[in-house]
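Notes for the structure review
Listed below, chain by chain, are the residues.
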Amino acid sequence: MTAPLTPPHQPPNDDPWQKGPSGATPWPGPEQAGDDDGPGLRAELVQAAVVAVVLAVLGVLLGLLWMWLAPRVPLISDGKAVYLKDSEGEQAIGGDGTFALLGLAFGVVSAAAVFLFRRRGGVPLVIALAVGGLLGSLLAWRVGIWLGPSQDVVATAKHAGKGVTFDAPLKLAAKGALLAWPVAAMIVHLGVTAVFGPRDPEPEWTPPSPPATLPPLSYEDPAPEPGERR
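Just so you know, these numbers come straight off a predicted model, no measurement behind them.

**Overview of the overall build of the protein**
When helices and strands are counted, the protein shows six helices and three strands. When the helices and strands of the protein are read in sequence order from the N terminus, they spell out α-α-β-β-α-α-α-β-α. Burial analysis of the protein (230 residues in total) assigns 28% to the buried set. Nonlocal contacts in the protein, meaning residues at least 24 apart in sequence, comprise 81% of its contacts between residues at least 6 apart.

Pasting the structure below:
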């Protein structure tokens, strides 16, 4: 008795992951899976380095704005010592607040610009925003102090003369304001990426094609043994 299970010259069609009649696969292959992954790791690192450098350079602009917008602390000299003209003034606190507010604004703008530059986001870009924002804040701090009123208070007081009001050196008492830019940039970028960023498409699953119809089984009587009666 013979029972052929598969037609001749036809492989068994019992693989559930093979291509269907339309040529579609139930799960994307290696070529399809990498189509929407965006640039590779090297390209992401290059982009992150560019973002960090650009943000650090923008710190010069932040420093100029801080020097221009920060309130001045008035000083006065009696010829022997230098005093605050307004001992109850809040100009010093206003200088720190101005730097922090400018840092927050720069963080929001830089995060939005980076998101428009590459909408898929990524860990390297977030790190670049943090590092570039911190470097930009440090550069802005030094630029504002360097271009602001002179740090030599004694020389400035002698040059101004007795009883003449002059501006105190620009300084940043609250060093935590340096973190306003990087923290705001990271938070805003993560938020806009989560809300408006592209979504990965869900894989389309195609059910496997049904197995080929097997031919009916054929039964053959065995040949009788010699001397055996049928």
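**Focus: the packing of helix α2 (residues 41-69) against helix α3 (residues 91-117)**
Where α2 meets α3, the closest approach of the two axes is 10 Å, and the angle between their N-to-C directions is 150°. Classified by the angle their axes make, α2 and α3 are roughly antiparallel. In terms of crossing hand, the pair formed by α2 and α3 is right-handed. Where α2 abuts α3, its residues Gln-47, Val-51, Leu-55, Leu-58, Leu-61, Leu-62, Leu-65, Trp-66 and Leu-69 lie against Gly-95, Thr-98, Phe-99, Leu-102, Gly-103, Phe-106, Ser-110, Val-114 and Phe-117. In the contact of α2 with α3, the residues fall into 13 nonpolar, five polar and no charged.

**With respect to the nonpolar core**
Among the nonpolar cores identified, the biggest contains 24 residues, and Val-51, Leu-62, Trp-66, Phe-99, Trp-141 and Leu-172 are the most heavily contacted of them. Breaking this core down by element, the ones donating at least two residues are α2, α3, α4 (123-147) and α6 (180-196). Ranked by residues supplied to this core, first place goes to α2 with seven residues.

**Side note on the environment of Asp-78**
Considering the arrangement of structural elements, one finds Asp-78 in the loop between β1 (74-77) and β2 (82-84). Along the chain, Asp-78 and Gly-163 lie 85 residues apart, while their C-alpha atoms are 5.7 Å from each other.

**As for the packing of α4 against α6**
Helix-helix packing: each pair is described by the crossing angle between the helix axes and the interaxial distance. Across the interface, α4 lies against α6 with an axial gap of 7 Å and an inter-helix angle of 155°. The angle between α4 and α6 falls in the class roughly antiparallel. Of the two possible hands of crossing, α4 and α6 adopt the one that is right-handed. Mapping the contact onto sequence places Val-126, Leu-129, Ala-130, Gly-133, Leu-134, Gly-136 and Ser-137 in α4 and Trp-181, Pro-182, Ala-185, Met-186, His-189 and Leu-190 in α6. Of the residues that constitute the contact of α4 with α6, the class distribution is nine nonpolar, four polar and no charged.

**Considerations on the environment of Ser-137**
The residue Ser-137 is located in helix α4 in this model. Put simply, Ser-137 and Gly-59 are 78 residues apart on the chain and 5.8 Å apart in space, counted from C-alpha to C-alpha. With residues up to four places along the chain from it excluded, the contact list for Ser-137 reads Phe-99, Leu-178, Trp-181 and Pro-182.

**A few points about a nonpolar patch on the surface**
Residues Val-123, Ile-127, Val-131, Leu-134, Leu-135, Leu-138, Leu-179, Val-183 and Ile-187 make up a contiguous nonpolar surface patch of about 770 Å² in total accessible area. Of all the secondary-structure elements, those providing two or more residues to the nonpolar patch are α4 and α6. Along the chain, Ile-127 falls in helix α4.

**Examining the packing of aromatic side chains**
Evaluated as defined, the whole model comprises two aromatic pairs. Centre to centre, the rings of Trp-66 and Phe-99 are 5.1 Å apart; their planes meet at 80°, and the pair counts as edge-to-face. With Trp-66 in helix α2 and Phe-99 in helix α3, this residue pair connects regions lying 33 residues apart in the sequence. The two residues Trp-66 and Phe-99 agree in class, both being buried. In this arrangement the basic side chain of Arg-142 is found over the ring face of Trp-141, its NZ or CZ atom lying 4.9 Å from the centre.

**What to know about the confidence of the model for the protein**
Overall, the predicted model of the protein reaches an average pLDDT of 77, with 67% of residues at or above 70. The element-level mean pLDDT for the protein is lowest in helix α1 (residues 30-33), coming to 42, with α4 highest at 93. Confidence drops under pLDDT 50 across residues 19-38; counting only partners more than four residues distant or on other chains, this segment forms 19 contacts.

**Things to note about the side chain of Thr-193**
Turning to its location among the elements, Thr-193 is positioned in helix α6. Judged by relative accessible area, which is 19%, Thr-193 ranks as buried. A polar contact is formed between the side chain of Thr-193 and the backbone oxygen of His-189, at a distance of 2.7 Å.

Analysis parameters
- Residues numbered from 1 in each chain as written.
- Predicted model: local features only at pLDDT ≥ 70, side-chain atom pairs only at ≥ 80, totals over all residues.
- Heavy atoms only, no water.
- Helix = DSSP H or I, 4+ residues; strand = E, 2+ residues; numbered from the N terminus.
- Buried < 20%, exposed > 50% of the residue type's maximum accessible area, 1.4 Å probe, protein only.
- Contact = heavy atoms within 4.5 Å.
- Axes fitted to C-alpha atoms, helices over the stretch in contact; angles between N-to-C directions.
- Parallel < 35°, antiparallel > 145°, perpendicular 65-115°, else oblique.
- Left-handed = near helix turned anticlockwise from the far one by under 90°.
- Nonpolar A, V, L, I, M, F, W, Y, C, P; charged D, E, K, R; others polar.
- Core = buried A, V, L, I, M, F, W, Y, C linked by side-chain atoms within 4.5 Å.
- Patch = residues over 30% accessible without salt bridge, like charges linked within 9 Å, V, L, I, M, F, W, Y side chains within 5 Å.
- Areas by Shrake-Rupley, 256 points an atom, 1.4 Å probe, with all protein chains shown as cover.
- Salt bridge = Lys/Arg side-chain N within 4 Å of Asp/Glu carboxyl O.
- Phe/Tyr/Trp six-rings, centres within 6.5 Å; stacked < 30°, edge-to-face > 60°.
- Lys NZ or Arg CZ within 6 Å of the ring centre and 35° of its normal.
- pLDDT = per-residue confidence, 0-100.
- Polar contact = N/O pair within 3.5 Å; in protein donor to acceptor, adjacent residues only side chain to side chain.

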